[in-house]
Amino acid sequence: MNGKQITTQQLTTFARHLRQAERSPGTIENYLRHVRAFAAWLAGRPVTKEAAAEWKEHLLDKGYCPSTINAMLGGLNRFFDFVGWKKYQVKALRLQRQLFRDDSKELTRAEYDRLITAAHALGRERLALLMETICATGIRVSEVQYLTVEAVERGRAEISLKGKIRTILIPGKLRRKLLKYARKNKTVSGEIFRTRNGKGLSRKQIWAEMKAICKAAGVEASKVFPHNLRHLFARTFYKVCRDVAKLADVLGHSSIETTRIYLISTGAEHASLLERLGLVG
């Protein structure tokens, strides 16, 4: 059937459906952004299978990396499925399993330490503690809301997202710092990290606050975002326990293959490994 258009009402209903399916706020935001990008590119033309395939080629021509293109297509395909336009879905790009990460996107422990130091120096106590909390527990930025005074007092937070419940243990030293922060701000119950108006911090606000201290910390902005703190936690945790299955449970992954992505070495580490092979005379 031709002549179909993407409407605001469809996007609103799609967002509601995703919330009911307990998708994370970040995931919902990404899906909607990708669908809107496709609609803007169409510039009034009808939605067709050929148009969707052409958009895929357009993204390649624009130099988007394959993984980003697949993420954009994934959001669009999910929307097509929701509105009953499955025949317009397009196949994702076939990717070779990634052997190493781009060093320019890898947050190191030294850079993390500089971010914490810079946050304190700038008087951003809440941000410093928030970054430490994410990096010390491996929680997602969307899960910060579960860090309540009650949870910290128990030493564990029950995370309920995407139809799954998992327990996050809070290390003793972090517990003491969080409770001290709560007492200082006269927070006796509920979420620990709040705005001045007493509301929970949004993903966008946390992202923006982290970006704002990059220059002072001397860390490239491309490396500074909440999820990279989770990656640093994963790599550090694995170096200690060497148990990818246990790490998958801690991170809340349903597939170990997802966890393996977190453990891919950097380009520098991969190059060092090749040098150690000693196969060049």
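As shown above, the structure is provided for reference.
Described in the following lines is the structure provided in the data block. (Residues numbered from 1 in each chain as written. Predicted model: local features only at pLDDT ≥ 70, side-chain atom pairs only at ≥ 80, totals over all residues. Heavy atoms only, no water.)

Of all hydrophobic cores here, the largest spans 42 residues; its most connected members are Leu-115, Met-131, Leu-178, Phe-193 and Leu-229. Counting residues per element, the ones that place at least two in this core are helix 5 (109-121), helix 6 (125-137), helix 7 (149-154), strand 2 (156-161), helix 8 (172-184), helix 9 (203-211), helix 10 (214-217) and helix 11 (226-241). Counting residues per element, this core draws most heavily on helix 6, which supplies 7 residues. Setting aside residues no more than four positions away along its own chain, Phe-193 makes contact with Arg-126, Leu-129, Leu-130, Thr-133, Val-144, Leu-147, Leu-178, Tyr-181, Lys-199, Gly-200 and Leu-201. With 26 residues, the next largest nonpolar core counts Leu-42, Leu-59, Phe-80 and Tyr-88 among its residues. (Core = buried A, V, L, I, M, F, W, Y, C linked by side-chain atoms within 4.5 Å. Buried < 20%, exposed > 50% of the residue type's maximum accessible area, 1.4 Å probe, protein only. Helix = DSSP H or I, 4+ residues; strand = E, 2+ residues; numbered from the N terminus. Contact = heavy atoms within 4.5 Å.)

Remember that side chains alternate between the two faces of the sheet whenever the strand is regular. Taking every second residue as pointing to the same face, the buried face of strand 2 carries Ala-157, Ile-159 and Leu-161, while none of Arg-156, Glu-158 and Ser-160 on the other face is buried. Two strands pair when backbone bridges link them, and strand 2 and strand 3 (residues 164-169) are joined in this way by 6 bridges, in the antiparallel orientation. Bridge assignment links Ala-157 to a residue of strand 3, and that residue is Ile-168. (Pairing = 2+ DSSP bridges.)

A few words now on the packing of helix 1 (residues 8-20) against helix 4 (residues 66-83). Contact pair helix 1 / helix 4: the axes reach a minimum separation of 11 Å and the direction vectors enclose 100°. By the angle between their directions, the pair helix 1 and helix 4 is classed as roughly perpendicular. Here helix 1 contributes Gln-10, Leu-11, Thr-13, Phe-14, His-17 and Leu-18 to the contact with helix 4, which in turn contributes Gly-75, Arg-78, Phe-79, Phe-82 and Val-83. In the contact of helix 1 with helix 4, the residues fall into 6 nonpolar, 4 polar and 1 charged. (Axes fitted to C-alpha atoms, helices over the stretch in contact; angles between N-to-C directions. Parallel < 35°, antiparallel > 145°, perpendicular 65-115°, else oblique. Nonpolar A, V, L, I, M, F, W, Y, C, P; charged D, E, K, R; others polar.)

Notably, Lys-186 is not glycine yet its phi reads approximately 55°, a positive angle. Relative to the elements of secondary structure, Lys-186 occurs in the loop between helix 8 and helix 9. One non-glycine residue with positive phi stands out, namely Arg-242, at about 55°. In this structure Arg-242 comes out as exposed when scored by relative accessible area, which is 57%.

Moving on, we get to the packing of aromatic side chains. Overall, the coordinates contain 13 aromatic pairs when judged by the stated rule. A ring pair is formed by Phe-38 and Phe-80, whose centres lie 6.1 Å apart and whose planes are at 85°; its orientation type is edge-to-face. Taken together, the residues span a long stretch of sequence, with Phe-38 in helix 2 (residues 25-42) and Phe-80 in helix 4 at a distance of 42 residues. With a centroid separation of 5.7 Å and an interplanar angle of 20°, the aromatic rings of Trp-207 and Phe-225 are classed as stacked. Of the two residues, Trp-207 is situated in helix 9 and Phe-225 in the loop between helix 10 and helix 11; the sequence distance between them amounts to 18 residues. Here a set of aromatic residues connected by ring pairs shows up, and it is made of Phe-14, Phe-38, Trp-41, Trp-55, Phe-79, Phe-80, Phe-82, Trp-85 and Tyr-88. Between Arg-45 and the ring centre of Trp-41, over which it is positioned, the NZ or CZ distance is 4.5 Å. (Phe/Tyr/Trp six-rings, centres within 6.5 Å; stacked < 30°, edge-to-face > 60°. Lys NZ or Arg CZ within 6 Å of the ring centre and 35° of its normal.)

What follows is about helix 6. A rise of 1.5 Å per residue sets the reference length of helix 6, with its 13 residues, at 18 Å; its end C-alpha atoms lie 18 Å apart and thus fit the reference within 8%. With 11 of its 13 residues buried, helix 6 lies for the most part within the structure. For helix 6, every residue scored as buried is listed here: Arg-126, Leu-127, Ala-128, Leu-129, Leu-130, Met-131, Glu-132, Thr-133, Ile-134, Cys-135 and Thr-137. On its buried side, helix 6 packs onto helix 5, strand 3, helix 8, helix 9, helix 11 and helix 12 (244-251). (Expected span 1.5 Å × (residues − 1).)

Attention shifts here to helix 12. Within helix 12, burial applies to Val-244, Leu-247, Ala-248 and Leu-251. Considered in projection along helix 12, the buried side chains sweep an arc of 105° and stay on one side of the axis. Residue Asp-243 occupies the N-cap position of helix 12, its side-chain oxygen lying 3.1 Å from the main-chain nitrogen of Ala-245. Positioned one or two residues after helix 12, Gly-252 has a phi angle of 80°, which is positive. (Arc of directions from axis to C-beta. Polar contact = N/O pair within 3.5 Å; in protein donor to acceptor, adjacent residues only side chain to side chain.)

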